[in-house]
Amino acid sequence: LAKTTQPISMDSYEGQEVNITCSHNNIATNDYITWYQQFPSQGPRFIIQGYKTKVTNEVASLFIPADRKSSTLSLPRVSLSDTAVYYCLVGGPNTGNQFYFGTGTSLTVIP
Amino acid sequence: EAGVTQFPSHSVIEKGQTVTLRCDPISGHDNLYWYRRVMGKEIKFLLHFVKESKQDESGMPNNRFLAERTGGTYSTLKVQPAELEDSGVYFCASRGGLYEKLFFGSGTQLSVL
């Protein structure tokens, strides 16, 4: 089971770019990396997923170096509504899909 | 499309009572998961269904917890008898294929008094 390590909390001002890095040293060959966002009283919500290099969608970018032992979620120009907990999950069919949530990163966006 | 639905959203019961949580996954999703967060701790995996079969139940804490998914549609998670340490938020998630993203429900907040 691939464990992940993230900063417990981060603060950012509105309009800034936020980068959250996740370490996953024991990632397996068939594992992929997924980031989720969670607001209070809600379930986690999918943000982005990738296997290697860079992935971009309408809300975020995901950077994965060649060794895949870490990944960085990049949120461009954050707003107050981006205040949430962000989880990095690593897993795949060969690791039983037991995603390890870890502590997540609590992001607070400041006006 | 409808999301993952969990019922009830909140449940308050006394120690020793029985509670049944229900999860309706997104239609067509064969893979259904239960997770929970107990007070102050991390979200942890409980079990994984593929259709009506339990693929992995290694996260179930003890035999007071029973999960079912009859017919491969909705799932129930029964706690009997409930203990104080069972209090927390129980999340259900579903997805189609194993490389597809997980869709989570809003969770059931269980309080055992």
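Our structure is the block above this text.
A brief report on the enclosed structure follows. (Residues numbered from 1 in each chain as written. Chains lettered and ligands numbered in written order. Predicted model: local features only at pLDDT ≥ 70, side-chain atom pairs only at ≥ 80, totals over all residues. Heavy atoms only, no water.)

## Description of the overall build of chain A
(1) Moving on: Scanning chain A from N- to C-terminus turns up zero helices and nine strands.
(2) Moving on: Moving toward the C terminus, one meets the helices and strands of chain A in the order β-β-β-β-β-β-β-β-β.
(3) Moving on: In summary, chain A has a C-alpha radius of gyration of 13 Å against a globular reference of 13 Å for 111 residues, a match within 12%.
(4) Moving on: Expressed along its principal axes, the backbone C-alpha trace of chain A runs to roughly 45 × 30 × 20 Å.
(5) Moving on: Counting the 111 residues in chain A, one finds 46% classified as buried. (Helix = DSSP H or I, 4+ residues; strand = E, 2+ residues; numbered from the N terminus. Rg over C-alpha atoms; globule rule 2.2 N^0.38 Å. Buried < 20%, exposed > 50% of the residue type's maximum accessible area, 1.4 Å probe, protein only.)

## Regarding the interface of chain A and chain B
(1) Moving on: In this assembly, 20 residues from chain A lie in contact with 18 residues from chain B.
(2) Moving on: Counting across the interface, chain A meets chain B through zero salt bridges.
(3) Moving on: Summed over the shared surface of chain A and chain B, the result is five residue pairs in polar contact (both at pLDDT 80 or more).
(4) Moving on: When residues of the side of chain A that touches chain B are traced back to their parent elements, those giving at least two are β3 (32-38) and β4 (45-50) of chain A.
(5) Moving on: The element contributing the most residues to the side of chain A that touches chain B is β3 of chain A, with three residues.
(6) Moving on: Of the residues that constitute the side of chain A that touches chain B, the class distribution is nine nonpolar, 11 polar and no charged. (Contact = heavy atoms within 4.5 Å. Salt bridge = Lys/Arg side-chain N within 4 Å of Asp/Glu carboxyl O. Polar contact = N/O pair within 3.5 Å; in protein donor to acceptor, adjacent residues only side chain to side chain. Nonpolar A, V, L, I, M, F, W, Y, C, P; charged D, E, K, R; others polar.)

## Some remarks on unusual backbone geometry
Residue and element names in this part refer to chain B.
(1) Moving on: Here the residue pair Phe7 and Pro8 is connected by a cis peptide bond, since its omega of -5° sits within 30 degrees of zero.
(2) Moving on: With respect to the secondary-structure elements, Pro8 resides in the loop between β1 (5-7) and β2 (10-13).
(3) Moving on: The linkage connecting Gln80 with the following residue, Pro81, adopts the cis geometry, with an omega of -10°.
(4) Moving on: Summarising the element assignment, Pro81 is placed in the loop between β8 (75-79) and β9 (88-95).

## Digging into the sheet that holds strand β3 (residues 19-24) of chain B
Residue and element names in this part refer to chain B.
(1) Moving on: Taking strand neighbours across the sheet as the criterion, the four strands line up as β1-β3-β8-β7 in an open arrangement whose pairing is antiparallel. Edge positions in the sheet fall to β1 and β7 (65-68), since each has one partner strand and no second. Across the sheet, the axes of successive neighbouring strands diverge by a mean angle of 15°, strand direction being ignored.
(2) Moving on: Note that β3 and β8 share five bridges and pair antiparallel. (Pairing = 2+ DSSP bridges. Axes fitted to C-alpha atoms, helices over the stretch in contact; angles between N-to-C directions.)

## Some remarks on the sheet that holds strand β6 (residues 61-64) of chain A
Residues and elements named next belong to chain A.
(1) Moving on: Taken in spatial order, the four strands of this open sheet run β2-β7-β6-β5, and their pairing is antiparallel. Only two strands of the sheet have a single neighbouring strand rather than two, namely β2 (18-23) and β5 (53-56). The sheet shows a mean angle of 15° between the axes of neighbouring strands, taken without regard to direction.
(2) Moving on: The pairing of β6 with strand β7 (residues 70-75) spans three bridges and is antiparallel. Across the sheet, residue Leu62 finds its bridge partner in β7, namely Leu73.

## Here we look at the environment of Ser106 of chain B
(1) Moving on: Following the sequence through the fold, Ser106 of chain B ends up in the loop between β10 (103-104) and β11 (108-112).
(2) Moving on: Judged by relative accessible area, which is 47%, Ser106 of chain B ranks as partly exposed.
(3) Moving on: In this structure, the C-alpha to C-alpha distance between Ser106 of chain B and Phe7 of chain B, residues 99 residues apart in sequence, is 9.4 Å.
(4) Moving on: In this structure Ser106 of chain B touches Ser41, Gln42 and Gly43 of chain A together with Gln6 and Phe91 of chain B, once residues within four positions along its chain are discounted.

Geometric values such as these leave the question of function open.
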